[in-house]
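Chain residues, written in single-letter form:
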Amino acid sequence: MTLSKTIDNLKEETLIRYLSKSEVHWYNTPEYFSPLYRKFIANLIEDKEPEGYKEKFLEQSIDVQNELINDECYKNRGVLFDRYLLCIYPARYEPSNPRKLKDYELNEKGLLSYLQKEYGRSSIEHQSFQLSREIEGILQLLPYEDGDVEGKKIKEKYKVEAKSSCFKLVVLKHKLSLINKKWMELIRYREPNKANQASMDNIVDFNMSSDEHAKLNTALIKRFYFEIDEGKGAGDDTYSFRINQVPYYLRVLEEQVKQELWVALTEGRNIESIKDKILNRFDVCKSEVVGGLVNHHYKDYDQKLMDHLQHTILVNQFSNSFLAENELIKLCSDEFFTFSHSTDWLTSNNENERIEGLKNELGISENEFKKEWVAMARTLARMLALTNKTLRQLMPTIQMNICILILAILKSPQSSRNTAVKSKIAGSSKNNYSIYNDLKKAHDWIIKNDPDLRDKHSISKLRPTSLSFFKAIYEEIYYSLVCSVEGKKASHCTFNKMRLIHFDIVSDLLGKLRKQSHLYTIWIIESYYVKKRNGELGPQELPLSLNVPGSKHGFWGIIEHHIINTEWGSALESVKERHSVTWNPISWMKEQVLESNIEL
């Protein structure tokens, strides 16, 4: 196969597989699971053969087939998915292959031969290949800056003790580089002072953007993450299976910080003192957890490296999106909306009263009011209900009327917000676009395909930049409404100060968490959540506690409990069904080998 054909096949497979989505019935959080795993389990539940394993097995030499047949996972109860992965990825150089490389495979010559055979690497390229440089290149994703002595020691340890994982990562890096040589830039950490380089539109779960570059960027990073995830062990002793929850925990932390600042803002309290309180609380939690509250040690360095990389990737993604969102908010900060007239129209169910109130507030004519705003506002209000976890939910009527007001502002010739915004999709030439037009396009698609927004991932039809811009204006109007109702003057300066402090705090916390293990990150945030809640409890309320006798690590997470009940809720029954399926192709595999031997 030619190199160009290899690249085309890899690109097509990456786009199809890593943007595919399962029915919500099976997974409330399908983004947590490898698409290969989701499809594998779906086929078994539907009593179908898993795709591709027979063809791949028959392609292998007799020696490889015999090696697969003798693997322990086909003899013992084992993990079903491992049986499938071994057939689909029989070469141990592949990250998705769940077995470590053998000693005789851990050499540069063997690695280059594999890359040449499977991915068309030319022998001429071999001359410039330096294995140490390739490994160092991938380890640069870890959260250690140049000059970090301790970080250097850890990386050197990985190069010796996690040699198998290092080789697998070099193969994965090569595969993705065939499609996009700069793919690693999509997940590199950006320091807060380089926030202008960050983007929130490159990596979106099940990206349904109309921009092909955005889709490919998403698919590439999902492939990197899930090929690592598939091949490593579940890590029952290291809780590796909980790494996929890290983005949820980071979101909870960011929301808890914003919520506390928001309450202080609306109550007129000193926001600077709240900042110190939050940072001190976090440092106490970090000291308690890292200082021995939770033991987190690895016996297997190959597992540790893969876990370390996955955790780093997830924190980097969250941090980069957060930085990009803050840069976007700066575009909103020059303009500030305050109510000049009565806000009674916001609570009205009468459409004519709502329209008259809005026209009066913005000073627009009958002809300037667009009827499409009402329908769009209904969709956007549903999006806010799904994504806003910080502000107290308003009455549906008020929330929808605020959405109509925002749409009118976005179309107002007098507003600085009626302008093209720059998205930062790597490789795209269409980064300047209209927020309003993007909202309209997403609304039209949702009305046609998912009018009740039963699937949270339908929101991925909208660029995150557009949704964040919309939410930023929503928060501003929400604040102005609270001030108007309470007879207080809305302060533009104080509101922007709250946002700036929120950015400083969360950036600081993310910088500290990215250097922790995934389990420490989870338990630091659990501890933070509990300490914050206990500080807010009334005299009749019982304090929350992390200590639950008899549970693993002696803890049961409050946030973890919330994930199970809300994020996984209706899919819990399907979890039982997924775990009840059985599959072992060993008999078929032995028949094929026997037939081949007879033919010989």
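Calculation notes
Residues numbered from 1 in each chain as written. Predicted model: local features only at pLDDT ≥ 70, side-chain atom pairs only at ≥ 80, totals over all residues. Heavy atoms only, no water. Helix = DSSP H or I, 4+ residues; strand = E, 2+ residues; numbered from the N terminus. Rg over C-alpha atoms; globule rule 2.2 N^0.38 Å. Buried < 20%, exposed > 50% of the residue type's maximum accessible area, 1.4 Å probe, protein only. Areas by Shrake-Rupley, 256 points an atom, 1.4 Å probe, with all protein chains shown as cover. Lys, Arg positive; Asp, Glu negative; His and termini not counted. Charge placed at Lys NZ, Arg CZ, Asp CG, Glu CD. 1 Å grid on protein atoms, 1.4 Å probe; cavity = no way out; pocket = protein on both sides within 12 Å on 5 of 7 lines; lining within 4 Å. Points joined across faces, edges and corners; volume = space filled by probe spheres on them. Expected span 1.5 Å × (residues − 1). Contact = heavy atoms within 4.5 Å. Polar contact = N/O pair within 3.5 Å; in protein donor to acceptor, adjacent residues only side chain to side chain. Salt bridge = Lys/Arg side-chain N within 4 Å of Asp/Glu carboxyl O. Axes fitted to C-alpha atoms, helices over the stretch in contact; angles between N-to-C directions. Parallel < 35°, antiparallel > 145°, perpendicular 65-115°, else oblique. Left-handed = near helix turned anticlockwise from the far one by under 90°. Nonpolar A, V, L, I, M, F, W, Y, C, P; charged D, E, K, R; others polar. Phe/Tyr/Trp six-rings, centres within 6.5 Å; stacked < 30°, edge-to-face > 60°. Lys NZ or Arg CZ within 6 Å of the ring centre and 35° of its normal. pLDDT = per-residue confidence, 0-100.

Let's talk about the overall build of the chain
Here comes step 1: In terms of regular secondary structure, the chain is built from 25 helices and two strands.
Here comes step 2: For a compact globule of 600 residues, the expected C-alpha radius of gyration is about 25 Å, and the chain comes in at 26 Å, within 12% of that figure.
Here comes step 3: Overall, the C-alpha framework of the chain stretches about 90 × 55 × 50 Å when taken along its three principal axes.
Here comes step 4: Counting over 600 residues, the chain shows a buried share of 54%.
Here comes step 5: Only carbon and sulfur atoms are counted for the fraction: they give 50% of the accessible area of the chain, which is about 28200 Å².
Here comes step 6: Across the chain, 84 positive and 84 negative side-chain charges occur, with their mean positions spaced 2 Å apart.

Observations regarding empty space enclosed by the protein
Vacant regions in the atomic arrangement are exposed by a probe of water-molecule size rolled over the atoms.
Here comes step 1: Here the structure, examined in full by the defined rule, presents four cavities of 30 Å³ or more.
Here comes step 2: Within this model, the largest cavity holds a volume of roughly 120 Å³.
Here comes step 3: Residue lining of the largest cavity: Glu254, Lys258, Phe322, Glu325, Asn326, Ile329, Glu475, Met498, Arg499, His502 and Phe503, and that is the complete set.
Here comes step 4: Listing elements by their share of the lining of the largest cavity, those giving two or more residues are helix H13 (246-267), helix H15 (301-332) and helix H21 (492-513).
Here comes step 5: Taken as a whole, the second largest cavity holds about 80 Å³ of empty space.
Here comes step 6: Lining of the second largest cavity is provided by Tyr18, Ser20, Pro30, Glu31, Phe33, Pro35, Arg38, Asp205, Phe206, Lys222 and Phe226.

Observations regarding helix H16 (residues 351-362)
Here comes step 1: The terminal C-alpha atoms of H16, which comprises 12 residues, lie 17 Å apart, in line with the 16 Å expected from a rise of 1.5 Å per residue.
Here comes step 2: Among all positions in H16, only Arg354, Ile355, Gly357, Leu358, Lys359 and Glu361 are buried.
Here comes step 3: On the buried face of H16, the contacting elements are helix H17 (372-387) and helix H18 (396-411).
Here comes step 4: Capping of H16 at its N-terminal end is provided by Asn350; its side-chain oxygen lies 2.9 Å from the backbone amide nitrogen of Asn352.
Here comes step 5: Positioned one or two residues after H16, Gly363 has a phi angle of 70°, which is positive.

Digging into the pattern of salt bridges
Here comes step 1: Per the counting criterion, the structure on display carries 41 salt bridges.
Here comes step 2: The partner of Lys258 in a salt bridge is Glu475, and the shortest N-O contact between them spans 2.8 Å. Of the two residues, Lys258 is situated in helix H13 and Glu475 in helix H20 (residues 464-485); the sequence distance between them amounts to 217 residues. Across the pair, exposure class does not vary: Lys258 and Glu475 are buried alike.
Here comes step 3: For Glu366, the salt bridge goes to Lys359, with nearest N and O atoms at 2.4 Å.
Here comes step 4: Residue Glu366 is classed as exposed on the basis of its relative accessible area of 53%.
Here comes step 5: Among the residues examined, Lys359 registers a relative accessible area of 9% and is labelled buried.
Here comes step 6: Salt bridges sharing common partners tie together Glu13, Arg17, Glu94, Lys175, Arg223 and Glu227.

A word on the packing of H13 against H21
Here comes step 1: Contact geometry for H13 and H21: axes closest at 10 Å, N-to-C directions at 150°. Between H13 and H21, the crossing angle belongs to the class labelled roughly antiparallel. Note on packing geometry: the crossing formed by H13 with H21 is right-handed. Contact residues: Leu250, Leu253, Glu254, Val257, Lys258, Leu261, Trp262 and Leu265 in H13; Thr494, Phe495, Met498, Ile501, His502, Ile505, Val506, Leu509, Leu510 and Leu513 in H21.
Here comes step 2: Class assignment of the residues belonging to the contact of H13 with H21 gives a composition of 14 nonpolar, two polar and two charged.

Considering the environment of Tyr104
Here comes step 1: Within the secondary structure, Tyr104 sits in the loop between helix H6 (80-88) and helix H7 (108-119).
Here comes step 2: It is 26 Å that separates the C-alpha atoms of Tyr104 and Phe81, two residues lying 23 residues apart in sequence.

Here we look at the environment of Phe495
Here comes step 1: Topologically, Phe495 is positioned in helix H21.
Here comes step 2: A residue is classified by how much of its surface remains accessible, and Phe495, at 0% relative accessible area, is buried.
Here comes step 3: Sequence separation between Phe495 and Ser333 is 162 residues; the distance between their C-alpha atoms is 9.3 Å.
Here comes step 4: Non-local contacts of Phe495, meaning those with residues more than four positions away in its chain, are made with Trp262, Leu265, Phe336, Glu475, Glu476 and Tyr479.

Details of the packing of aromatic side chains
Here comes step 1: All chains considered together, the criterion is met by 26 aromatic pairs.
Here comes step 2: Judged by centre distance (5.6 Å) and plane angle (45°), the rings of Phe40 and Phe81 are tilted. Separated by 41 residues along the polypeptide, Phe40 in helix H2 (residues 35-45) and Phe81 in helix H6 bring together distant segments of the chain. As far as burial versus exposure is concerned, Phe40 and Phe81 are alike and both buried.
Here comes step 3: Three or more aromatic residues joined by ring pairs make a cluster, and in this case those are Phe33, Tyr37, Phe40, Tyr53, Phe57, Phe81, Tyr84, Trp583 and Trp588.
Here comes step 4: When the ring centre of Tyr433 is taken as origin, the NZ or CZ atom of Arg463, which lies over that ring, is 4.2 Å away.
Here comes step 5: Taking NZ or CZ as reference, Arg514 lies 3.7 Å from the ring centre of Tyr189, over its face.

Some details on the environment of Ser113
Here comes step 1: Within the secondary structure, Ser113 sits in helix H7.
Here comes step 2: A distance of 3.0 Å separates a polar atom in the side chain of Ser113 from the backbone oxygen of Lys109.

A word on unusual backbone geometry
Here comes step 1: One non-glycine residue with positive phi stands out, namely Tyr239, at about 60°.
Here comes step 2: Summarising the element assignment, Tyr239 is placed in the loop between helix H12 (212-231) and H13.
Here comes step 3: On the accessibility criterion, Tyr239 (10% relative accessible area) is buried.

A word on the side chain of Ser507
Here comes step 1: Tracing the backbone through its elements, the reader meets Ser507 in helix H21.
Here comes step 2: Excluding residues that lie within four positions of it along the chain, Ser507 makes contacts with Pro192, Phe322 and Leu323.

Quick word on the confidence of the model for the chain
Here comes step 1: Averaged over all residues, the pLDDT of the chain is 89; the fraction at 70 or higher stands at 92%.
Here comes step 2: Long-range and interchain partners of residues 548-555, a stretch whose pLDDT sits below 50, account for 16 contacts in this model, where long-range means more than four residues apart.

Quick word on the packing of H16 against H18
Here comes step 1: At a closest axis distance of 11 Å, the pairing of H16 and H18 adopts a crossing angle of 40°. Taken together, the axis directions place H16 and H18 in an arrangement best described as oblique. Where H16 crosses over H18, the handedness of that crossing is right-handed. Along the contact surface, H16 presents Arg354, Leu358 and Leu362, while H18 presents Met400, Asn401, Ile404, Leu405, Ala408 and Ile409.
Here comes step 2: Across the contact of H16 with H18, the residue classes break down as seven nonpolar, one polar and one charged.

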